[in-house]
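# Breakdown of the fold
Listed below, chain by chain, are the residues.
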Amino acid sequence: MAETTREIERKYESEDSGLPDLTGVAGVAAVLDKGVAELDATYYDTADARLAAASLTLRRRTGGSDAGWHLKVPVAPGVRDEIRAPLSDTVPKVLAGLVRSRVRGAELVPVVRLRSARDVRHLVDAEGRLLAEVSVDAVRADRLTGKGGSAQWTEIEVELADGGDPRFLDKVEKRLRTAGVRPSSSASKLARALAETDPGRKKKSKGSGKGKGSGKGKGPGEKGKQGGVRAGSAVVGAVNAGDHVLAYLRAQRDALVELDPAVRRDVSDSVHRMRVATRRARSVFRSYAKVLDRAVTDPIGEELKWLAGELGVDRDQEVLTERLTAALELLPHTLVTAPVRNRLSAWSHARSGGSRRRLIAVLDGGRYLELLDALDRLVAEPPLLAAAGGQPSKVIAKAVRKDFGQVAALVEEALGRAPGPERDLALHDARKKAKRTRYSAETAAPALGEPAVDLVRMMKSLQSLLGDHQDSVMTREALQDLAEEAHAAGENAFTFGLLYGREERRAELAEGALPEAWETISEAMRI
């Protein structure tokens, strides 16, 4: 089993190896000497440093109070989640899984050994409560691969106590800076070790072992840059439509890879966000078919559709059950008849199509890893068509206008139909097209500016309105199933009928709001 802790810390370096007096820091009543711990950590990565490129650290450490395997995942500057597993001779399966989207089929090998003499101090308040742990670490780093060498340095590390106020670290830093201590130029010990033991690194002059310059230049974290586009939604040095489309696609590829560990850890909303990334990528394939050859992207799109389906095996059912449960909670107890909640629980359980174990198996499977490889190949060697070299203001704008025109046609068709199943289906189609238009406008925003941003906002609003309607349609279908099951079991189905009526009213309200909402959007698009 692995456990996760949130680590909030700051690292510093100074001219000497001493620790300034911290008794003057506001809120600190005492500085307790906790002795010296001898730590020995071996860091693992692939031969081409894929974990380091993603600012991930995987180590096996002995000594101290938390010996074992540790995987550190960046959350924000100075904040990481540390996932721990018991000490063993090989990388624990749970931690290997959390880095699989980065590692793929490559082998994890020892790359650096760090041995530290850690002189620990506890900063406590007047009641003896721990505020932060401060340590002076005398570090020796040895590179274990290639012809790397060794390095030594001393650093100060300040780690906030669990549940502590991060502002306390500002107070400690103010005192350290006054004493001449400066923030470390490296984000972690491993980053500094890799920089200072790099076989290609120029030798420093004697006596300069302060780590100056570590972290400068092109490090592993910059490998995501390709051509004129960086890994994200922004575009650097873009000159044509293809650059913008590839920037958006690269951001979705990166999102899939980055969200993989969160999905495995069952982090809130991670499954939904990963599904959205698959949808965004598929939408771009269709919207910008004049930029990227669909003979290449269509098979990848089908695999993304498969992955979205696997991610949603239980998620859609969970959302529907949550909606029904919330609706039940709003009813007066006198209107909740028979074993309604038990019936809902049994119905939901019977329709659950998978489990956490099934999802992890999908993420560990060859089909998923091949999909990630295919996305890597796509952004590295994109199948660009002639329009990719065109002006973004023309090529991209034309694609967005085409998508919006299709939304308009579907909305007008739906509004022209009488209420009922056919209108429900037409509104659902319009919702899907609004979502696709929103994503194509997101792609266009860096090139087209405010008009595209406004369209994103309008399509998001329309998608929400139509989504409320579709949710009502799906909920009514579920309520009909529940009522039929209850009736067949000899139970009173009154409550399910009541909820059905309320959902009908919600759908009517959504349909009633659509004409005005669409008129507002249409007027804005004509400006």
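Structure first, text after, so check above.
Reference entry: report on the structure contained in this document. Note that the structure is a prediction, hence the values are computed from the model and not measured.

## Comments concerning the overall build of the chain
When helices and strands are tallied, the chain shows 16 helices and nine strands. Dimensions of the chain along its principal axes, counting C-alpha atoms only, are 85 × 65 × 45 Å. Once local pairs closer than 6 in sequence are excluded, the contacts in the chain between residues at least 24 apart make up 70%. In the form shown here, the chain has an accessible surface area of approximately 26300 Å², with 51% of it arising from carbon and sulfur atoms.

## Focus on unusual backbone geometry
A negative phi angle is the norm for most residues apart from glycine, just as the trans form is the norm for most peptide bonds. Phi is positive for R104, which is not a glycine, with a value near 55 degrees. In this structure, R104 sits in the loop between α3 (100-103) and β6 (109-124). The phi dihedral of D269 falls on the positive side, at around 70 degrees, and the residue is not glycine.

## Quick notes on empty space enclosed by the protein
Inspection of every chain in the model, using the stated rule, returns two cavities of 30 Å³ or more. What the largest cavity holds in volume is close to 40 Å³. If you go around the largest cavity, the residues you meet are L249, Q252, R253, L256, A281, L375, L378 and V379. Considering every element that reaches the lining of the largest cavity, the biggest residue donor is helix α6 (residues 241-264), with four residues. Partitioning the lining of the largest cavity into residue classes produces six nonpolar, one polar and one charged. Counted as a void, the second largest cavity has a volume near 30 Å³. Forming the boundary of the second largest cavity are L324, L328, L344, L479, L482, F496 and L499. Among the secondary structure elements, those contributing two or more residues to the lining of the second largest cavity are α9 (315-329), α15 (450-488) and α16 (494-526). Partitioning the lining of the second largest cavity into residue classes produces seven nonpolar, no polar and no charged.

## Quick notes on the layout of surface pockets
Reported here for the second largest pocket is a volume of approximately 1400 Å³. Taken together, 37 residues form the lining of the second largest pocket, with R275, R279, D316, R431 and K435 sitting closest to its centre. Those elements that place two or more of their residues in the lining of the second largest pocket are α7 (270-287), α8 (294-311), α9, α14 (421-448) and α15. Class assignment for the residues of the lining of the second largest pocket results in seven nonpolar, ten polar and 20 charged.

## Examining the nonpolar core
L249, Y288 and L462 are the most contacted members of the largest nonpolar core, which totals 66 residues. Residues contacting Y288, with those up to four places away along its chain left out, are V245, I396, A399, V400, S440, T443 and A444. Of all hydrophobic cores here, the second largest spans 17 residues; its members include V28, I156, L169 and V181.

## Topic: the packing of aromatic side chains
For the coordinates displayed, the defined rule picks out two aromatic pairs. Relative to W69, the ring of Y44 has its centre 5.1 Å away and its plane inclined at 50 degrees; by these criteria the two rings are tilted. One end of the pair, Y44, is in strand β2 (residues 30-45); the other, W69, is in strand β4 (residues 68-76), with 25 residues separating them in the sequence. We note that Y44, like W69, is buried. Ring plane angle 20 degrees and centroid distance 5.7 Å describe the contact between F404 and W518, whose orientation is recorded as stacked.

## So, the side chain of H70
Within the secondary structure, H70 is located in strand β4. Among the residues examined, H70 registers a relative accessible area of 1% and is labelled buried. Among the polar contacts made by the side chain of H70, one reaches the main-chain carbonyl oxygen of D66 at a distance of 2.7 Å. Excluding residues within four positions of it along the chain, H70 makes contact with T57, L58, R59, R61, E82, I83, R84 and L95.

Analysis parameters
- Residues numbered from 1 in each chain as written.
- Predicted model: local features only at pLDDT ≥ 70, side-chain atom pairs only at ≥ 80, totals over all residues.
- Heavy atoms only, no water.
- Helix = DSSP H or I, 4+ residues; strand = E, 2+ residues; numbered from the N terminus.
- Contact = heavy atoms within 4.5 Å.
- Areas by Shrake-Rupley, 256 points an atom, 1.4 Å probe, with all protein chains shown as cover.
- 1 Å grid on protein atoms, 1.4 Å probe; cavity = no way out; pocket = protein on both sides within 12 Å on 5 of 7 lines; lining within 4 Å.
- Points joined across faces, edges and corners; volume = space filled by probe spheres on them.
- Nonpolar A, V, L, I, M, F, W, Y, C, P; charged D, E, K, R; others polar.
- Core = buried A, V, L, I, M, F, W, Y, C linked by side-chain atoms within 4.5 Å.
- Buried < 20%, exposed > 50% of the residue type's maximum accessible area, 1.4 Å probe, protein only.
- Phe/Tyr/Trp six-rings, centres within 6.5 Å; stacked < 30°, edge-to-face > 60°.
- Polar contact = N/O pair within 3.5 Å; in protein donor to acceptor, adjacent residues only side chain to side chain.

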